[in-house]
Every structure is written in structure tokens, then in C-alpha cells.
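# Structural features, examined
The residues making up each chain are set out below.
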Amino acid sequence: MISKLINSIQSKNAPIVVGLDPQLKFIPQYILDKWYKECGHSLDAVAEAFFEFNKGIIDAIYELAPAVKPQIAMYEQYGIPGLIAYKKTVDYAHEKGLVVIGDIKRGDIGSTSESYAIGHIGSVDIEGNVIKPFDVDIVTVNPYLGSDGVNPFVDVCNKEDKGIFVLVKTSNPSSGEFQDKLSEGRPLYEIVAEKVVEWGNATMDGSYSNVGAVVGATYPEMGAILRKLMPKTYILVPGYGAQGGSGKDLKAYFNEDGLGAIVNSSRGIIAAYKNEKYSSYGEAGFADASRAATIDMIEDIRNNAF
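Heads up: these notes are all about the structure in this document. All figures in this text were calculated on a predicted structure; none of them were measured in a lab.

### Thoughts on the overall build of the chain
Helices and strands together make up the secondary structure of the chain, namely 12 helices and 14 strands. Computed over the C-alpha atoms, the radius of gyration of the chain is 19 Å, within 12% of the 19 Å expected from 2.2 N^0.38 for a compact globule of 306 residues. Along the longest, intermediate and shortest principal axes, the C-alpha atoms of the chain span 60 × 55 × 40 Å. Burial analysis of the chain (306 residues in total) assigns 54% to the buried set. Total accessible area on the chain is roughly 13100 Å²; 51% of this is exposed by carbon and sulfur atoms. For the chain, the distance from the average position of its 29 positive side-chain charges to the average position of its 39 negative side-chain charges is 4 Å.

This is how it looks when you write it as C-alpha cells:
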């Protein structure tokens, strides 16, 4: 799977992923009003509004970006209708040729971890009828429970040609409460990185592994260390844009081949029409504003990260 992602990154010359993390405050009022009229003030109305919003953004950016990353929590909070909108978003993104990274951050052990992996990146066999439940291409995984939690995902990656990104050093301010703690004189995130390499050796796909790592753009010095520790690991980089990261912070995340990292922006793109820079597009032009923000992000990375 990582080869598919790399091919798309190279063909579009854009190492970026657009985070599809809808919130009610991001949805143009005219879309909400349409679905409130149709479905009432209900979970169904919100789910339909989310999908219409996502569809507009995907239509605007699919020629520019190689991948999208829906955060499942934004959909789960609206129950079953929300999950249906998540699945419809995944399927529509695939129709447009995009790689889909499901930001699910799952982590458990044994059959539970295996079930998470099967449900999101695997398939189930129901009396000979093989079905892919969510059918995303790559998912995010929490490694806190160790190899018992990660290996089931690796097994499904090998079986289905899918991928995972393991949390190593996240972009949030309190990440250091655990991730920076020293163990035998080394920060925990370095030890997790070495385990990522170990897990990845079991699922190589060309020059890179199907086991990637999440390393935030907000900690570029740590990113440089982790890049050296994980030379064959693709890095998903959150924290660009709204969280403070910029193109100049990203140099250390890429390898000398110009590959090795994919940078995420979520609200900086999907809510761009609310940003003063793109406000001229207005609510009706929310998708065009997202396209403009995507172009600006790509140019920033091309000009400053290499």
C-alpha cells in the first residue's frame, strides 16, 4: 500500500493529505438548512450535511492531493448516521482515486485488535461472501499496549496490502507527558520508533514499509532524530497550519530522495473560507477556498521543505 501512496504523491508532486474532520461550525449554513428542512434537527441531517460538505471538498482537491484523512471521531459522535457518512466519504474518495487514511487511533490486544484491523483495513467472510467493511487503505494505530496491539494490524496489512501509521511523537502540547519521559536514559518516543522499524521489517513494500509513523510538525528537532532512526518508515506529519507548523519546519521529515513524509492539514483546508485570507470566496465558495488553501500548502512545502 505504501507504494500506491508514494506513486500518487509523485504523480501529483504533492506530499500532502487533506484531513476531512467536519464540525458543525465548519459547515456552511445553507447546507445545514437544506438538510434540517429535509430531515429535521436530527443525526441524519448532520450526517447528510457532513457528506455533502466532504463531497464538495473532495471534488475541489482530488486532482491536487494524493490522499484524504477522515477522523472517525467527528462522525462517531453522530452515531450510526455519522458512521454512514464516514463510509460514504471513504467510498467517494476512492471513486476519485484518492488514498484514504482512516484516522481511528485504535489500540487493544488479541482478538479485539484483530477485529479493529479487520473492520477498518481488512475483510470478513460471511458464508463465502467476502466483504470489506470500512475499506480504508491505511489507519492510525496507538502502540501503548505494545506488540500485542500492533501485530494484528501488521498481519492484516500483509494479507490485504494495506498500511498503518503508528503514533510515535504527536503534535499536541501535552504529548511530552508520556512520550518524552526517559526510559534507560532515552525518551520513550525513540524506543517506540525502534519498535516501528521492527514491525515494519515484516511488511516492506519496496523501499519503504507499510508500517509508518505519526510525528508532529510542531517538534521539528525531534522529527530530525526520528527520521534518522526510521529511514525506511513513511512519516505522517500532523500539526501543519492551524497548529502552527509550516513548510520550513518540515525539512527534517523528508529523506534525501524527496520522499518519506506526507503532511496533513485539516481545518486549515476544509474551513479555509472562514480564514480572512480566503474569505472572499464566501460560504457558497467553501470548496473553492479549500482548493486555494491546498494549492498554497503545496507551494509552501515545495518551496521550503526541500
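### Quick notes on the nonpolar core
Formed by 84 residues in total, the largest nonpolar core has its most connected members in I164, V168, V196, L250 and I301. Here this core gets 11 residues from one element, more than from any other, and that element is helix α3 (residues 43–61). If you look at the next biggest cluster of nonpolar residues, it comprises 18 residues, including M1, V17, I138 and F165.

### Re the pattern of salt bridges
This structure, assessed with the given rule, holds 17 salt bridges. One salt bridge in this structure joins E76 and R106, with 2.9 Å as the shortest N-O distance. One end of the pair, E76, is in helix α4 (residues 72–76); the other, R106, is in strand β3 (residues 99–106), and 30 residues separate them in sequence. Residue classification places E76 among the partly exposed positions, given a relative accessible area of 36%. Beyond isolated ion pairs, a larger network of salt bridges with shared partners links K55, D59 and K96.

### A look at the packing of aromatic side chains
Applying the stated criterion across every chain yields a total of eight aromatic pairs. Relative to Y92, the ring of F51 has its centre 6.3 Å away and its plane inclined at 90°; by these criteria the two rings are edge-to-face. Taken together, the positions of F51 in helix α3 and Y92 in helix α5 (residues 79–95) put the pair 41 residues apart, joining distant regions of the chain. On the basis of an interplanar angle of 65° and a centroid distance of 5.4 Å, the ring pair of Y75 and Y86 is categorised as edge-to-face. Note that Y75 is positioned in helix α4 and Y86 in helix α5, a separation of 11 residues in sequence. Judged by relative accessible area, which is 0%, Y86 ranks as buried. By the ring-pair criterion, three or more aromatic residues cluster together here, those being F50, Y75, Y78, Y86 and F134. Between the NZ or CZ atom of K96 and the centre of the ring of Y62, over which it lies, the distance is 4.7 Å. Seen from the ring of Y219, K169 lies directly overhead, with NZ or CZ sitting 4.3 Å from the centre.

Reading the values: rules and limits
Residues numbered from 1 in each chain as written. Predicted model: local features only at pLDDT ≥ 70, side-chain atom pairs only at ≥ 80, totals over all residues. Heavy atoms only, no water. Helix = DSSP H or I, 4+ residues; strand = E, 2+ residues; numbered from the N terminus. Rg over C-alpha atoms; globule rule 2.2 N^0.38 Å. Buried < 20%, exposed > 50% of the residue type's maximum accessible area, 1.4 Å probe, protein only. Areas by Shrake-Rupley, 256 points an atom, 1.4 Å probe, with all protein chains shown as cover. Lys, Arg positive; Asp, Glu negative; His and termini not counted. Charge placed at Lys NZ, Arg CZ, Asp CG, Glu CD. Core = buried A, V, L, I, M, F, W, Y, C linked by side-chain atoms within 4.5 Å. Salt bridge = Lys/Arg side-chain N within 4 Å of Asp/Glu carboxyl O. Phe/Tyr/Trp six-rings, centres within 6.5 Å; stacked < 30°, edge-to-face > 60°. Lys NZ or Arg CZ within 6 Å of the ring centre and 35° of its normal.

Note that every value here comes from positions in space, so none of it alone points to a role or purpose.
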